[in-house]
Structure formats: C-alpha cells, structure tokens
Amino acid sequence: MMMKRNLYRNLLWIVFLAGAMACGGEKKKSEKEIGKSEAQSSLISVDTLVLKKRTFQKQIVCNGKLRAVLKSELSFDGTGVITGINGRNGDYVEKGAVLATLDNKEATVELEKSLRAMEKADIDLQDKLIGQGYTGDTATVPEAVLRNMKITSGYTNALDQLEAARRRLESCFLFAPFSGRIANLDAKVYDRFSGKLCTLIDDSYFDVEFSILEAEIEEVTKGQHVKIIPFINDEKTFYGDVTEINPLIDEHGQVKIRARVRNADRYLMEGMNVKIILEREIKNSFVVPKDAVVLRDGFQVMFCYREGKAVWTYVDVVMSNIDSHVIKGSEKKQTVISEEDVVITSNNLNLADGTDVTPNNRR
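Caption draft 1: Structural detail: the overall build of the protein. Each helix and strand counted, the protein has four helices and 20 strands in total. The buried share of the protein, taken over its 363 residues, is 33%.

Caption draft 2: Broad picture of the side chain of S114. Note that S114 resides in helix α2 (residues 105-131). A distance of 3.0 Å separates the side chain of S114 from the backbone oxygen of E110, its partner in a polar contact.

Caption draft 3: Main features of helix α4 (residues 155-170). With 16 residues, α4 extends 23 Å from end C-alpha to end C-alpha; this agrees with the ideal 22 Å at 1.5 Å per step. Among all positions of α4, only Y155, A158, L162, A165 and L169 are buried. For α4, the arc enclosing every buried residue in end-on projection is 85 degrees, short of the 170-degree limit, so these residues lie on one face. Structural note: α4 exposes R167 and E170 on the side pointing more than 90 degrees away from its buried face. Residues of α4 that are buried sit in contact with α2, α3 (143-152) and β7 (173-175).

Caption draft 4: Structural view of the packing of α2 against α3. Their axes nearest at 9 Å, the elements α2 and α3 cross at an angle of 135 degrees. Overall, the two elements α2 and α3 adopt an arrangement that is oblique. Crossing handedness for the pair α2 and α3: right-handed. Facing α2, whose interface residues are L125, K128 and L129, α3 presents L146, M149, K150 and T152.

Caption draft 5: Region of the structure containing the packing of aromatic side chains. Enumeration according to the criterion identifies six aromatic pairs in this entry. Geometrically, the ring pair formed by F303 and W312 is edge-to-face, given 6.1 Å between the ring centres and 70 degrees between the ring planes. On the basis of relative accessibility, which here comes to 0%, the residue F303 falls in the buried class. What makes W312 partly exposed here is its relative accessible area of 23%.

Caption draft 6: View of the packing of α2 against α4. It is at 8 Å that the axes of α2 and α4 come closest, and there the two elements cross at 160 degrees. On the basis of their axis angle, the class for α2 and α4 is roughly antiparallel. By crossing handedness, the relation of α2 to α4 is classed as left-handed. Facing E106, A107, T108, E110, L111, S114, L115, A117, M118, A121, D122 and L125 of α2, the residues of α4 in contact are Y155, A158, L159, Q161, L162, A165, R166, R168 and L169.

Caption draft 7: The arrangement of the sheet that holds strand β9 (residues 192-193) in detail. The four strands are arranged β7-β6-β4-β9 in an open sheet whose pairing can be described as antiparallel. Of all the strands in the sheet, just β7 and β9 have a single pairing partner and so form its edges. Relative to β7, strand β6 (residues 98-102) runs antiparallel, the two sharing three bridges. Counted as the bridge partner of A100 is L174 from β7.

Caption draft 8: Highlighting the environment of T152. With respect to the element layout, T152 can be found in helix α3. On the basis of relative accessibility, which here comes to 55%, the residue T152 falls in the exposed class. Residues T152 and D124, spaced 28 residues apart in sequence, show a C-alpha to C-alpha distance of 9.2 Å. Within polar-contact distance, the side chain of T152 engages the backbone oxygen of M149 at 3.2 Å.

Caption draft 9: Spatial organisation of the environment of N89. Tracing the backbone through its elements, the reader meets N89 in the loop between β4 (80-85) and β5 (92-93). Along the primary structure N89 and N184 are separated by 95 residues, whereas in three dimensions their C-alpha atoms are 6.6 Å apart. Contacts of N89, omitting those with residues within four sequence positions, involve I182, A183, N184 and L185. A distance of 3.1 Å separates a polar atom in the side chain of N89 from the backbone nitrogen of N184. Of note is the side chain of N89, whose polar atom sits 2.8 Å from the backbone nitrogen of L185.

Caption draft 10: Structural view of the side chain of D202. Looking at the secondary structure, you find D202 in strand β10 (residues 198-213). Buried and unpaired, D202 has no salt bridge, with R266 as the nearest side chain of opposite charge at 4.9 Å. Within polar-contact distance, the side chain of D202 engages the side chain of S204 at 2.7 Å. Aside from chain neighbours lying at most four places away, what touches D202 is A68, V69, L70, F178, S179 and G180.

Each value, and the rule that gives it
- Residues numbered from 1 in each chain as written.
- Predicted model: local features only at pLDDT ≥ 70, side-chain atom pairs only at ≥ 80, totals over all residues.
- Heavy atoms only, no water.
- Helix = DSSP H or I, 4+ residues; strand = E, 2+ residues; numbered from the N terminus.
- Buried < 20%, exposed > 50% of the residue type's maximum accessible area, 1.4 Å probe, protein only.
- Polar contact = N/O pair within 3.5 Å; in protein donor to acceptor, adjacent residues only side chain to side chain.
- Expected span 1.5 Å × (residues − 1).
- Arc of directions from axis to C-beta.
- Contact = heavy atoms within 4.5 Å.
- Axes fitted to C-alpha atoms, helices over the stretch in contact; angles between N-to-C directions.
- Parallel < 35°, antiparallel > 145°, perpendicular 65-115°, else oblique.
- Left-handed = near helix turned anticlockwise from the far one by under 90°.
- Phe/Tyr/Trp six-rings, centres within 6.5 Å; stacked < 30°, edge-to-face > 60°.
- Pairing = 2+ DSSP bridges.
- Lys, Arg positive; Asp, Glu negative; His and termini not counted.
- Salt bridge = Lys/Arg side-chain N within 4 Å of Asp/Glu carboxyl O.

Here's what the structure looks like:
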C-alpha cells in the first residue's frame, strides 16, 4: 500500500515538472519572438525607386509682372460737366460703347445752326450754277468753276463749320476704343471733367516681361512654351509662348524676354506678380527627387538600398529643376551609378553607410 502511494506521488511530481518545463519553453519562445519583432520595428522605413534613364525637364525660373496687351488711358477731347457715366470699375464693355458723356446742350445747338447754314449755302450754290447756265447736276461743271462757286457761295465755309460742329458734339461722348474692362474710374456725375477719366484694359491676353542671365540665352527660343504661375496661388498654372527676345545684354549681364499668355478664366490681372518657368527636354538622364540627394562631408551623397542596408554612394548633380536632380557618378570619388540601382528617396537625413533599413515600396 505504501509503495503504491509513493508511486502515485512520483507520477504527480513528474507531470508537474513536465508542465513547468513546457511553460518555461513557451515563455522563452515568446520572449524570443518579441525581441525579433522589436528589432524589426527599429529598422528605418524608407521609400525607394529603381533608377532608370528618362527625360528631364530642364528649367529656368524667373520672376515677372503682367502687362496688358491693350491698355489705354481715356479722356474727353473737350472739357465740361459730366452728365453720365455708363459703367464701374471692373465692368466689361464692348468696343464702341459710350463710357461717359459731357453736357452737350451747347454743342447740339451749334450743330443745328451749322446744319441750317449748310442748307442755305447749298441753295446759294445752286443759284450760282443756274445763273451760269448749269443744271443742278454738278458732275457736268468743270472742277475749277465748281470750286470757285463753292467758295463764293459760302458752301465751303459752311461745310467746314458743320464738320467742326459734329466733331464738337462727338467729343462730348467717350467711346471705348476696344473691348475691355474699366479701371481707375474715380469721376462722378456732375463733376467738371479735367484730365484722365479712366483706364481701359483688354485682359484677354497679357504680356509678361522677365530677364534671364546671358549664360542662359541659348536655352530660350522664340515660340518656346512657358509656364506662368501667380505668386498668390501656386496651384494655378497658365501657359504662354515667348514672343520677343531683346537682342541686347544689359549692364547686369541679363537679357529681357517677353512672353504672351491667354487669360483663359479672367483670373489674371494687370500688374500681377508671377513666376515664369521655361522648360527644355533633356533625354536619357538619371533623374531623382531632390530629397534623394544629401550633403555629407561637403560631398553630394545618395543612398542605395542593397540587401537590407543603406549604401553610401557619392554622386554629382549635373542640373536641377524645381523638384528633381539629374545625377551621375562622382568624378572626384570615382563612383558609378547604373540603371536598376534602388535609390532611397526618404528618411535619409540620419542614415549612415550600412544602416539597416526596410523599404516601404519598390518602384
């Protein structure tokens, strides 16, 4: 009986020890997996791209100011009290529209008098012609005779006075010389006019003037497309063409360029400050984002992804635009870059040669 109890106790003890060992193994296994997971999470995550030759948009970036292609400061030919203004600042008017009028009562009376004087002069001319034996058809009268009769009858003088009266009445009306928008209109009805009344701007097209360096002149040609971006909103882009290249280098070593842009949605305004981007395609280039290149010890460096590590690679930047570099292997360090190199494009500011990294993507 005693032996059976001892045997039973020994079996229980063996089962207990086996369970404890099993729990300890699971605990060790769990700790090992956790350590591995923590090591993986400590790796620096990076974005990458596969280096390939492609077309690079070489850019020249300049600042400029918009000038309307058609712009005119308008004023009456005469003086007087303003009796009507047909429009306000910002209004669009068609060519030939009456923008404003002056008091024209005296001019109207003068025209009526001139018309009556013209009728009398015409009657006197006909009397003279009949008196000389000519019919009412002046086509049969010799030119010299007809000229003398017009002068002596007062016909020529009356005609001149009539034309002057018509011009005087017309000068009481201000007409739009072209279609456009009214600007700088400060006058009011019943003001006595003096000087400029307003400015008329055709805002359908604008010229933009800017300057480039003498060394960049070969990059610009007449008819070349340009991008025009307003300073106030860099998400708006307009497109134009180079229309003029001034054949003169100024004292600052710069050349003036003029381009024309269509104001498609009437967003652009006279005098607006804009950024101009001229682009030219450079084919078969190694192009990377600007963030892919950093400075180390005074040299330009790019990190490549190889077998889970960031590999320090010296490069030379050949040219740049707003967001990209054209690169090649460093001449001083005698390094080489090739197609299919996997370039790290993010989180590279704190990388060192051989840093363990994990890629987010591969493109």
